[in-house]
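Now for the letters of each chain:
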Amino acid sequence: MDDDNTMPELAAVRDQWVGVEFDWTTFEMSAENMVAWAKACGETDPRFIDPSHHDFQAHPGFTTHCMSGRVFPKEFPQIGGGFGIDGGKRVEVHAPIRSGDTLTATTTIADIFEKTGRSGTMIFIVQRMEFRNEAKDLVSTVDWKMIKKAE
Amino acid sequence: MSAITKFEDLEIGDDLPGESPDVSMPRVTAFCHAAKHVFERFIDHEAAQREGFAAAIVPGIMSQGLLASMIHRWAPGCEILEIDTVFRGSLLVDSDITMTGAVTDTDDDALIAELDLAIVAEDGRTGVIGTARVQFEQ
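Rules used throughout
Residues numbered from 1 in each chain as written. Chains lettered and ligands numbered in written order. Predicted model: local features only at pLDDT ≥ 70, side-chain atom pairs only at ≥ 80, totals over all residues. Heavy atoms only, no water. Helix = DSSP H or I, 4+ residues; strand = E, 2+ residues; numbered from the N terminus. Buried < 20%, exposed > 50% of the residue type's maximum accessible area, 1.4 Å probe, protein only. Contact = heavy atoms within 4.5 Å. Areas by Shrake-Rupley, 256 points an atom, 1.4 Å probe, with all protein chains shown as cover. Lys, Arg positive; Asp, Glu negative; His and termini not counted. Charge placed at Lys NZ, Arg CZ, Asp CG, Glu CD. Salt bridge = Lys/Arg side-chain N within 4 Å of Asp/Glu carboxyl O. Core = buried A, V, L, I, M, F, W, Y, C linked by side-chain atoms within 4.5 Å. Pairing = 2+ DSSP bridges. Buried area = accessible area lost by both parts, 1.4 Å probe. Polar contact = N/O pair within 3.5 Å; in protein donor to acceptor, adjacent residues only side chain to side chain. Nonpolar A, V, L, I, M, F, W, Y, C, P; charged D, E, K, R; others polar.

Asks: Mind showing me how you'd approach the overall build of chain A here?
Replies: Summing up its helical and strand segments, chain A has three helices and five strands in all. Written out in order from the N terminus, the α and β elements of chain A read α-β-α-α-β-β-β-β. Classification of the 151 residues of chain A by burial places 48% in the buried group. In chain A, 70% of the contacts between residues at least 6 apart in sequence involve partners at least 24 apart. When the accessible surface of chain A is summed, it comes to about 7400 Å², and 51% of that surface belongs to carbon and sulfur atoms. Distance from the positive charge centre (16 side chains) to the negative charge centre (24 side chains) of chain A: 3 Å.

Asks: What am I meant to see in the overall build of chain B here?
Replies: Helix and strand content of chain B: four helices and four strands. Overall, the C-alpha framework of chain B stretches about 50 × 30 × 20 Å when taken along its three principal axes. Looking at chain B as a whole, 49% of its 138 residues are labelled buried. Carbon and sulfur atoms make up 47% of the accessible area of chain B, which amounts to about 6400 Å² in all. Computed over 9 positive and 25 negative side-chain charges, the separation of the two mean positions in chain B equals 9 Å.

Asks: Just checking my understanding: could you explain helix α2 (residues 31–40) of chain A for this structure?
Replies: Spacing of three or four residues puts side chains on the same side of an α-helix, whose turn is 3.6 residues. Among the residues making up α2 of chain A, those that are buried are Asn33, Met34, Val35, Trp37, Ala38 and Ala40 of chain A. Close packing links the buried residues of α2 of chain A with α3 (46–49) of chain A together with α1 (25–35) and α4 (60–74) of chain B. Directly beyond the C-terminal end of α2 of chain A, a positive phi value near 80° is found at glycine 42 of chain A.

Asks: Sorry, what's going on with the pattern of salt bridges here?
Replies: Charged atoms that come close allow side chains of opposite charge to pair. This model, assessed by the stated rule, comprises 13 salt bridges over all chains. The partner of arginine 90 of chain A in a salt bridge is glutamate 92 of chain A, and the shortest N-O contact between them spans 3.3 Å. By relative accessible area, arginine 90 of chain A is classed as buried at 14%. Looking at glutamate 92 of chain A, the relative accessible area reads 23%, which means it is partly exposed. Of the charged contacts in the structure, one is a salt bridge between aspartate 123 of chain B and arginine 125 of chain B, with a shortest N-O distance of 2.8 Å. Note on arginine 125 of chain B: relative accessible area 34%, which makes it partly exposed. Connected via shared salt-bridge partners are Arg90, Glu92, Arg128 and Asp143 of chain A together with Glu82 and Arg133 of chain B.

Asks: How should the nonpolar core be read in this particular structure?
Replies: For soluble globular proteins, the rule of thumb is that nonpolar side chains tend to be buried together. Phe131 of chain A together with Ile71, Trp74, Ile83, Leu115 and Phe136 of chain B are the most contacted members of the largest nonpolar core, which totals 63 residues. Here the element with the most residues in this core is α4 of chain B; it accounts for eight residues. Those residues in contact with phenylalanine 136 of chain B that lie beyond four places of it in its chain are Ile4, Phe7, Leu10, Trp74, Ala75, Leu111 and Ala113 of chain B. Counting 13 residues, the second largest nonpolar core, distinct from the first, contains Leu10, Trp17, Ile109 and Met146 of chain A.

Asks: Honestly, the pairing of strand β2 (residues 98–107) of chain B in this entry has me stumped. Any pointers?
Replies: Remark: a regular strand shows side chains that alternate across the two faces of the sheet. Direction of pairing for β2 of chain B relative to strand β3 (residues 112–120) of chain B: antiparallel, over a ladder of nine bridges. Residue pairing across strands places threonine 106 of chain B opposite alanine 113 of chain B, the latter belonging to β3 of chain B.

Asks: What's the story with the interface of chain B and chain A in this structure? I'm lost.
Replies: You'll often see interface size given as the accessible area lost when the parts meet. The partner chain A presents 28 residues to the 27 residues of chain B that form the contact. Here chain B and chain A share an interface that buries about 2200 Å² over both sides, 52% of which is from carbon and sulfur atoms. Per-residue buried area on chain B facing chain A is highest for Ala34, His72 and Phe87 of chain B; these three make up 22% of the total on that side. Linking chain B with chain A are 16 residue pairs in polar contact (both at pLDDT 80 or more). Elements represented by at least two residues in the side of chain B that touches chain A include exactly α1, α4 and β1 (79–87) of chain B. When grouped by side-chain class, the residues that make up the side of chain B that touches chain A number 14 nonpolar, seven polar and six charged. Sheet topology note: the strand β2 (residues 81–93) of chain A/β1 of chain B ladder contains five bridges and is antiparallel.

Asks: Before we go on, may I ask you to explain the pairing of β1 of chain B in this structure?
Replies: Residues and elements named next belong to chain B. Counting buried residues along β1, seven of its nine residues qualify, which places the element largely inside the surrounding structure. Inspection of the sheet shows β1 paired to strand β4 (residues 126–135) by eight bridges, in the antiparallel sense. In the sheet register, valine 86 faces β4, and the bridge partner there is isoleucine 129.

What follows is the structure, given as structure tokens:
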């Protein structure tokens, strides 16, 4: 359940860091990797496994493997314990990613919040990467939920 | 339920056909190379055990991809607008896992279906839960 009694420290961190851009990276989209990814995921739709298909494109979650150069912004405070665990990924597909595209990803801290459950209080840090193609069109948004135990 | 070809054939509560995807070591290793995530915990049982896992584990982003492929088979030609997965527990490489899905809402004007998704491990634990929004052809 959501905890309304947010720690003041966490609120301050959220106010300071949510929305701050901290990394910019480019990624080349190759047909070979797009096909290998889709086939390994058991895909059978030719849109994703046949480069000669007229609508050949990357699998919906293909950008989830693209990692920003930094996990956190410089001088981001240590909150919670340890490095954290991967709590999951949300992918929004805005437009097809094509073979040969060069995507530019901008990374921000999208949210910081806490939840309390049976395991105690956990801190969620959401890192967001927005991918744009050469035409500056937004093609994919990936939210990575990193979970840390509150200290 | 068989493959859906028209949005009109959908109803809230429909189940997607369950699937048991291939998470053998060769398949997971192939994924890791495509994803450039070649870490021992994914491709080496003994190394994963040294890290405290029961065996090598399926990458979370691969489990999301497996679910996306299941959706494409259920509704050929559809477009996945959004897929959101929560990694709750480990799915082991070389094990038998089961994927399920169900229609939880529909937007009849936009031809969009919302789905609940899950992957259950061989021992019955739920390893992944998630949701998706799927656009059908006009």
